[in-house]
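Per-entry structural report
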Amino acid sequence: MVEVIILAIALSMDAFAVAIGLGSKHQKKTSVLAVMAAGYFGFFQGVMPLIGYLGGKGLLGWMQAYASWVAFILLVLIGGKMIYESFSEGIEEDIVKITHRVMLVLAIATSVDAMAAGFTLTLLAVNPFVACALIGVITFGFSWLGVLIGNKSGTYLESHAERLGGIVLILIGFKILLF
């Protein structure tokens, strides 16, 4: 379960970074924005790995011999993408008004990586429903906290959080491949 918690924290860093950006740009109704961001990001970060897990279960029989390599490649690609994106401006820079539609788009955009990472759950001896619920709860907490931090400190931590999440995902990929 420790691996799932580390995976959940790493996956939540993308949503955390966006939440910091949202909090820093939208100073009004911070508590409402924090709950809204946490709800959307937490829900989608919890559901998308389950979709990835179910898809991975279907494919696992065909490529069981290569499953650890596939998981390694996916995690390195996702981690690398997060590191690369940490050096550019976030999408929240262009958002003028926060609506449910905007939050839905942001939640889906930040959780697509989690769907690919869900494949790695097929290789861990964990209940996938508990793991996905844990990922959702941890992302909820980090997203809520991210809006509050962004509101107080600006975007200073935004790129660092995303970069750290990417590094952790790459390390998890190496762990799956080597052990």
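Heads up: the structure comes first, above all this text.
Residues numbered from 1 in each chain as written. Predicted model: local features only at pLDDT ≥ 70, side-chain atom pairs only at ≥ 80, totals over all residues. Heavy atoms only, no water.

1. Observations regarding the packing of aromatic side chains
As enumerated under the stated definition, the model contains 4 aromatic pairs in all. Both rings, one in Trp69 and one in Phe72, keep their centres 5.9 Å apart while their planes meet at 90 degrees; by these two values the pair is edge-to-face. Pair noted here: Trp69 and Phe72 are both in helix α3 (residues 67-85), with a separation of 3 residues, about one helical turn. We classify Trp69 as partly exposed; its relative accessible area is 46%. Under the relative-accessibility criterion, Phe72 is labelled buried at 12%. Ring geometry for Phe72 and Phe174: centres 4.9 Å apart, planes at 65 degrees, overall edge-to-face. Taken together, the positions of Phe72 in helix α3 and Phe174 in helix α6 (residues 158-178) put the pair 102 residues apart, joining distant regions of the chain. Grouping aromatic residues by their ring pairs yields a cluster made of Trp69, Phe72 and Phe174. (Phe/Tyr/Trp six-rings, centres within 6.5 Å; stacked < 30°, edge-to-face > 60°. Helix = DSSP H or I, 4+ residues; strand = E, 2+ residues; numbered from the N terminus. Buried < 20%, exposed > 50% of the residue type's maximum accessible area, 1.4 Å probe, protein only.)

2. Remarks on the layout of surface pockets
Estimates place the volume of the second largest pocket at around 210 Å³. When its residues are assigned to classes, the lining of the second largest pocket shows 5 nonpolar, 2 polar and 3 charged. (1 Å grid on protein atoms, 1.4 Å probe; cavity = no way out; pocket = protein on both sides within 12 Å on 5 of 7 lines; lining within 4 Å. Points joined across faces, edges and corners; volume = space filled by probe spheres on them. Nonpolar A, V, L, I, M, F, W, Y, C, P; charged D, E, K, R; others polar.)

3. Side note on helix α5 (residues 128-153)
Over its 26 residues, α5 extends 36 Å from the first C-alpha to the last, a length consistent with the 38 Å expected when each residue adds 1.5 Å. All buried positions along α5 are accounted for by Pro128, Ala131, Cys132, Ile135, Gly136, Ile138, Thr139, Ser143, Gly146, Val147, Gly150 and Asn151. One side-chain oxygen of the residue at the start of α5 lies 2.8 Å from the amide nitrogen of Phe129, identifying that residue as Asn127. Looking one or two places after α5, you find Gly154, whose phi comes out positive at around 85 degrees. (Expected span 1.5 Å × (residues − 1). Polar contact = N/O pair within 3.5 Å; in protein donor to acceptor, adjacent residues only side chain to side chain.)

4. What to know about a nonpolar patch on the surface
Together, Ile51, Leu104, Ile108, Val112 and Met115 line one region of the surface with nonpolar side chains, adding up to about 360 Å² of accessible area. The leading source of residues in the nonpolar patch is helix α4 (residues 100-117), at 4 residues. When you line up the elements, Leu104 lands in helix α4. (Patch = residues over 30% accessible without salt bridge, like charges linked within 9 Å, V, L, I, M, F, W, Y side chains within 5 Å. Areas by Shrake-Rupley, 256 points an atom, 1.4 Å probe, with all protein chains shown as cover. Salt bridge = Lys/Arg side-chain N within 4 Å of Asp/Glu carboxyl O.)

5. A closer look at the environment of Ala116
Along the chain, Ala116 falls in helix α4. Judged by its relative accessible area of 24%, Ala116 falls in the partly exposed class. Considered as a pair, Ala116 and Ile98 are 18 residues apart in the sequence and their alpha carbons are 27 Å apart. Once residues within four sequence positions are removed from consideration, Ala116 is found in contact with Leu74 and Ile78. (Contact = heavy atoms within 4.5 Å.)

6. Points about the nonpolar core
If you look at the biggest cluster of nonpolar residues, it comprises 29 residues, and the most contacted ones within it are Leu7, Leu11, Leu75, Leu121 and Leu169. Elements that contribute at least two residues to this core include exactly α1 (2-25), α2 (30-60), α3, α4, α5 and α6. One finds Leu22, Leu33, Met36 and Val147 within the second-largest nonpolar core, a separate group that totals 14 residues. (Core = buried A, V, L, I, M, F, W, Y, C linked by side-chain atoms within 4.5 Å.)

7. A word on the pattern of salt bridges
Per the stated rule, a full pass over the model turns up 3 salt bridges. Salt-bridge contacts for Glu3 lead to Lys175; the nearest nitrogen and oxygen are separated by 2.3 Å. Taken together, the positions of Glu3 in helix α1 and Lys175 in helix α6 put the pair 172 residues apart, joining distant regions of the chain. Ionic pairing is found between Lys81 and Asp113, a salt bridge with its closest N-O pair at 3.3 Å. One end of the pair, Lys81, is in helix α3; the other, Asp113, is in helix α4, with 32 residues separating them in the sequence. By relative accessible area, which is 9% here, Asp113 ends up buried.

8. Notes on the environment of Lys57
Relative to the helices and strands, Lys57 resides in helix α2. With 62 residues separating them in the primary sequence, Lys57 and Phe119 have C-alpha atoms 7.7 Å apart.

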